[in-house]
Amino acid sequence: MSFVEYSDFIQDGDVAILYLSHNNVMPVKVQQGAQTQTRYGVIRHSTDLIGQRYGSKVTCSKGWFHVLHPTPELWTVALPHRTQILYTTDIAFITMMLELKPGSIVCESGSGSLSHAILRTIAPTGHLHTVEFHQQRAEKVAEEFKEHRVDHLVTVRNQDVCKDGFGVTGVADAVFLDIPSPWDAVGHAKVAMKKHGGRLCSFSPCIEQVQKTCEALQDQGFEDISTTEVLLREHDVRTVSLPLPDFGPDPETTEEATPAAAPNHASITLKTTTLSREMPGHTGYLTFATKPRT
Amino acid sequence: MSNQPITGKKVIFEKQWIFLDNAVGQLYSTTFEILSGGNLKPHELKDSASPLDAVEAGTDNRNIVDDGKSQKLTRDDIEALKEKGLKGQDIIKKLVDNHATFGDKTEYSQVKYIKKKKKKYENTVMILKPSCRILAMMYHGREPGKICHLRYDTLAQMLTLANIHAGSKVLVFETCAGLVLGSIMERMGGYGSVIQMYPGGGPVRAGVESFGFPAHFHDTLHEFPICHVNALLAGTLDTSAKDPTAENTDEKQLNLAAEKEQNQPEAEEQGTPEEESMETNTGDDAGQDVEKTEKDKLKEAKAQVKKLRLEEKQRRLAATAALLKGRNADGLVIASRFHPCPVLLGLLKFLSPSRPFVVYSQYIEPLVECFKKLRECGGTVNLRLTDTWMRHYQVLPDRTHPLLLMSGGGGYLLSGTTVATDHSKPAGSKQAEEPAPKRQKLEDTEG
């Protein structure tokens, strides 16, 4: 198992995802002899997990669920939140707009759920340079990369990107910024990027941050500066029954139609979709730009 | 926007004919000026004399009357300037100089005016290196009908939800001119394999060419006709025998040709020295005989080529069938004009458990059906029916706002993950993942 390569059977030391129900997803570190408590009961790693196929059903005392192979998308939903994270919708858009693919060299500041998605996309020949200014978080994230068997693809640096940059020069195809003052990092981003150019993305919740960042990008000679936001709408599939009104017996019907026939078709059942009462209305603005050849 | 560089050819773009020859050898993202006659010349950025230098600006438009008489230059005047060979920037300067109320406009209004004129009069084109991003935006902007109106952010979601990455084995069924296929190939970087399941006579891949992949990427691309899917699943597909489908007539000809070859080996061998002696003869009779054997030779050669091609096709079919037979694909992506339900149900069988699938549809109802069917059959979890909302912004000091027009819709996605199929328990026994009816009633009365 790794976050960048599929395998078929669960092994000791893997990170597996327990799919308990829709929106209830739990990561578990598989260990010989260990046990994990779930709402359906206890699972014993040695018998229930190790040696089983990914995708298998696990039965407990109070119910059952499936064990899934980890993916960055499942990890995003399952991971223990340390800071506000990026969700799959933004991650997917960023991945395409930064033109990430196997072999890409990426610099990122603000490590988290996006890191795993980047690693999955740039493997096996790319590299991610990630900068985290909070020491504890930097250590935790380095540990996770190792557990997820992706550490060979990433270098974690514990420093302040606005002061010290990314720690590399002229190597990046893409740069991603998820920090409070991205305009202070734009110059450093330019330095880290390849001479023949590359793509940059900055994620900011506030429009004032976006304005300052766009100004900085323009000053530094970036082109194609554009700001977009993407939002996900999830449709709930339902079967609903709509009652039909009773306007009384139809005077134009023939005598063959018995009055008792009316209650038979009292409602119409149909398959439809509805939207939730509330939906996420804003995550952040995504500003993209191209660094031209310098 | 992008184009495929082809030397020696003329291409039409935005109502202009352009020769791309002078672009060859230049770097991507170079801006070119289009000279009269259609040739390209690398554009030199002249920062000198912006049309706004030394022009005053007003504070508001209270005294500006829109009577259409502000511009002193007529259309004919401008045409004359164009014919004289005046550059775009200079034409704009002339327009500004001859504009009666330009100095009354606010600074913002002046900038907007210049921007508009630049778009109209500056004759430049930038040649970009193709990528999924650029091609997806281009197709959606210019030829959405060819790609089932798949908006590029929806495509981005598909690639991520299906966990497309190097080294996996992905099944694709698409009628989007090859855009989806090419995008998947880009994200696989030449590692792993992509199997295009195709309806009809042959796989459509025009869009893939636009990506400009290195040759070895094509080694990872396979194809399989869906008309053989049932046979493959049932284990009755015979990939060793001659292809029983549309090639019947060709097959007959092939057989005939093959027979002919078999019946004539001696004649052939004799024929060769005979032919040689005939060729040296200049008599009419001899000439006619030579023609005949020449014709036969050509027929045989053609039949031979056909035979080889058919064998190659058979070989490829067998190889692809072998890839599919194990039913261990890592991902499935569907984006077509076909009803997604049967396509999905048919192709899901080829996936390993715990693998993602994504189905795109321009319309939501077919996906609702898919959703219901999957619930009934079991074997999938984490089903989501989604669409994305996308909005662009203009970011300028004191003029930041969303753009006035936005895309109405980009299509819908149904995504999920396969799980090991459980044959002992019926799917309905698990608590429904949809909310209980009680909650639903409440919502209905609230509305």
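- Identification of chain B as tRNA (adenine(58)-N(1))-methyltransferase non-catalytic subunit TRM6 from Oreochromis aureus is taken from an unreviewed UniProt entry.
- Recorded in UniProt for chain B, the comment headed Subunit (unreviewed entry) runs: "Heterotetramer."

- In the nomenclature of an unreviewed UniProt entry, chain A corresponds to tRNA (adenine(58)-N(1))-methyltransferase catalytic subunit TRMT61A from the organism Oreochromis aureus.
- Chain A has a UniProt comment under Sequence similarities (unreviewed entry) that states "Belongs to the class I-like SAM-binding methyltransferase superfamily. TRM61 family."
- Among the UniProt annotations of chain A, the heading Subunit (unreviewed entry) holds the following wording: "Heterotetramer; composed of two copies of TRMT6 and two copies of TRMT61A."

**Overview of the confidence of the model for chain B**
All names here are of chain B.
Moving on, step 1. The predicted model of chain B has a mean per-residue pLDDT of 81, with 78% of residues at 70 or higher.
Moving on, step 2. Contacts of residues 243-283 to residues separated by more than four positions or lying in other chains number 27 contacts, the stretch itself having pLDDT below 50.
Moving on, step 3. Below a pLDDT of 50 lies the segment residues 425-447, which in the model reaches 24 contacts outside its immediate sequence neighbourhood of four places, other chains included.
Moving on, step 4. For this predicted complex, the interface confidence score (ipTM) comes to 0.94, while the overall pTM stands at 0.85.

**Structural notes on the interface of chain A and chain B**
Moving on, step 1. Contact residues are listed per partner, giving 62 residues for chain A and 65 residues for chain B.
Moving on, step 2. Both faces combined, the contact of chain A with chain B buries some 5700 Å², and carbon together with sulfur accounts for 57% of it.
Moving on, step 3. Considering only the side of chain A, the residues that lose the most area to chain B are Tyr 6, Met 96 and Val 237 of chain A, jointly responsible for 14% of the buried surface there.
Moving on, step 4. Applying the counting rule to chain A against chain B returns four salt bridges.
Moving on, step 5. Across the pair Asp 387 of chain B and Arg 233 of chain A runs a salt bridge, and its minimum N-O distance is 3.2 Å.
Moving on, step 6. Where chain A meets chain B, there are 22 residue pairs in polar contact (both at pLDDT 80 or more).
Moving on, step 7. Here the element with the most residues in the side of chain A that touches chain B is strand S12 (residues 223-243) of chain A; it accounts for 13 residues.
Moving on, step 8. Within the side of chain A that touches chain B, the residues separate by chemical class into 27 nonpolar, 19 polar and 16 charged.

**What about the nonpolar core?**
Moving on, step 1. Core analysis: the biggest nonpolar cluster contains 70 residues, and Leu 119 of chain A together with Leu 155, Met 158, Val 180 and Ile 184 of chain B have the highest contact counts within it.
Moving on, step 2. Looking at this core, the element that brings in the most residues is helix H6 (residues 179-188) of chain B, giving six residues.
Moving on, step 3. If we skip the residues at most four places from it in the chain, Val 180 of chain B touches Leu 150, Leu 155, Met 158, Val 172, Glu 174, Val 333 and Ala 335 of chain B.

**Thoughts on the packing of helix H2 (residues 88-97) of chain B against helix H3 (residues 107-121) of chain B**
Residue and element names in this part refer to chain B.
Moving on, step 1. It is at 9 Å that the axes of H2 and H3 come closest, and there the two elements cross at 135°. Classified by the interaxial angle, the pair formed by H2 and H3 is oblique. Seen from above, H2 lies across H3 with right-handed handedness. Here Gly 88, Ile 91, Ile 92, Leu 95 and Val 96 of H2 come into contact with H3, specifically with Tyr 113, Ile 114, Lys 117, Lys 118 and Tyr 121.
Moving on, step 2. Counted by class, the contact of H2 with H3 contains seven nonpolar, one polar and two charged residues.

**Focus: the state of the cysteines**
Moving on, step 1. A complete count under the given rule lists zero disulfides over all chains for this structure.
Moving on, step 2. No disulfide involves Cys 214 of chain A; its nearest neighbouring cysteine sulfur is the one of Cys 201 of chain A, lying 11 Å away.
Moving on, step 3. Under the relative-accessibility criterion, Cys 214 of chain A is labelled buried at 7%.
Moving on, step 4. Among the cysteines around Cys 176 of chain B, which has no disulfide bond, Cys 148 of chain B carries the closest sulfur, lying 4.2 Å off.
Moving on, step 5. Owing to a relative accessible area of 0%, Cys 176 of chain B belongs among the buried residues under this scheme.

**Observations concerning the pairing of strand S9 (residues 331-335) of chain B**
Residues and elements named next belong to chain B.
Moving on, step 1. Counting buried residues in S9 gives five out of five residues, a clear majority hidden from the surface.
Moving on, step 2. Where burial is concerned, the two faces of S9 agree: the one with Gly 331, Val 333 and Ala 335 and the one with Leu 332 and Ile 334 are both buried.
Moving on, step 3. Relative to S9, strand S6 (residues 169-174) runs parallel, the two being bridged by five bridges. Bridge pairing links Val 170 to Gly 331 in S9.
Moving on, step 4. Pairing analysis gives four bridges linking S9 to strand S10 (residues 356-361), with the strands arranged parallel. Residue Ala 335 lies in a different strand from S10, and its bridge partner there is Tyr 360.

**Re the UniProt feature "binding site: S-adenosyl-L-methionine" (unreviewed entry) in chain A**
All names here are of chain A.
Moving on, step 1. Per the UniProt record, the feature "binding site: S-adenosyl-L-methionine" (unreviewed entry) sits at Ser 111, Gly 112, Ser 113, Leu 114, Glu 132, Asp 160 and Asp 178.
Moving on, step 2. Along the chain, Ser 113 turns up in helix H4 (residues 113-122).
Moving on, step 3. Ser 113 gets classed as buried once you look at its relative accessible area, which sits at 3%.
Moving on, step 4. Beyond its immediate sequence surroundings of up to four residues, Ser 113 is in contact with Thr 76, Leu 79, Ile 85, Leu 86 and Ile 91.
Moving on, step 5. From its side chain, Ser 113 meets the backbone oxygen of Leu 86 in a polar contact 2.8 Å long.
Moving on, step 6. The residue Leu 114 is located in helix H4 in this model.
Moving on, step 7. If near-sequence neighbours (up to four positions away) are discounted, Leu 114 is found in contact with Leu 86, Ile 91, Glu 108 and Phe 176.

How each quantity is defined
- Residues numbered from 1 in each chain as written.
- Chains lettered and ligands numbered in written order.
- Predicted model: local features only at pLDDT ≥ 70, side-chain atom pairs only at ≥ 80, totals over all residues.
- Heavy atoms only, no water.
- UniProt positions renumbered as here; feature names shortened; annotations may be inferred.
- pLDDT = per-residue confidence, 0-100.
- Contact = heavy atoms within 4.5 Å.
- Buried area = accessible area lost by both parts, 1.4 Å probe.
- Salt bridge = Lys/Arg side-chain N within 4 Å of Asp/Glu carboxyl O.
- Polar contact = N/O pair within 3.5 Å; in protein donor to acceptor, adjacent residues only side chain to side chain.
- Helix = DSSP H or I, 4+ residues; strand = E, 2+ residues; numbered from the N terminus.
- Nonpolar A, V, L, I, M, F, W, Y, C, P; charged D, E, K, R; others polar.
- Core = buried A, V, L, I, M, F, W, Y, C linked by side-chain atoms within 4.5 Å.
- Buried < 20%, exposed > 50% of the residue type's maximum accessible area, 1.4 Å probe, protein only.
- Axes fitted to C-alpha atoms, helices over the stretch in contact; angles between N-to-C directions.
- Parallel < 35°, antiparallel > 145°, perpendicular 65-115°, else oblique.
- Left-handed = near helix turned anticlockwise from the far one by under 90°.
- Disulfide = S-S within 2.5 Å.
- Pairing = 2+ DSSP bridges.

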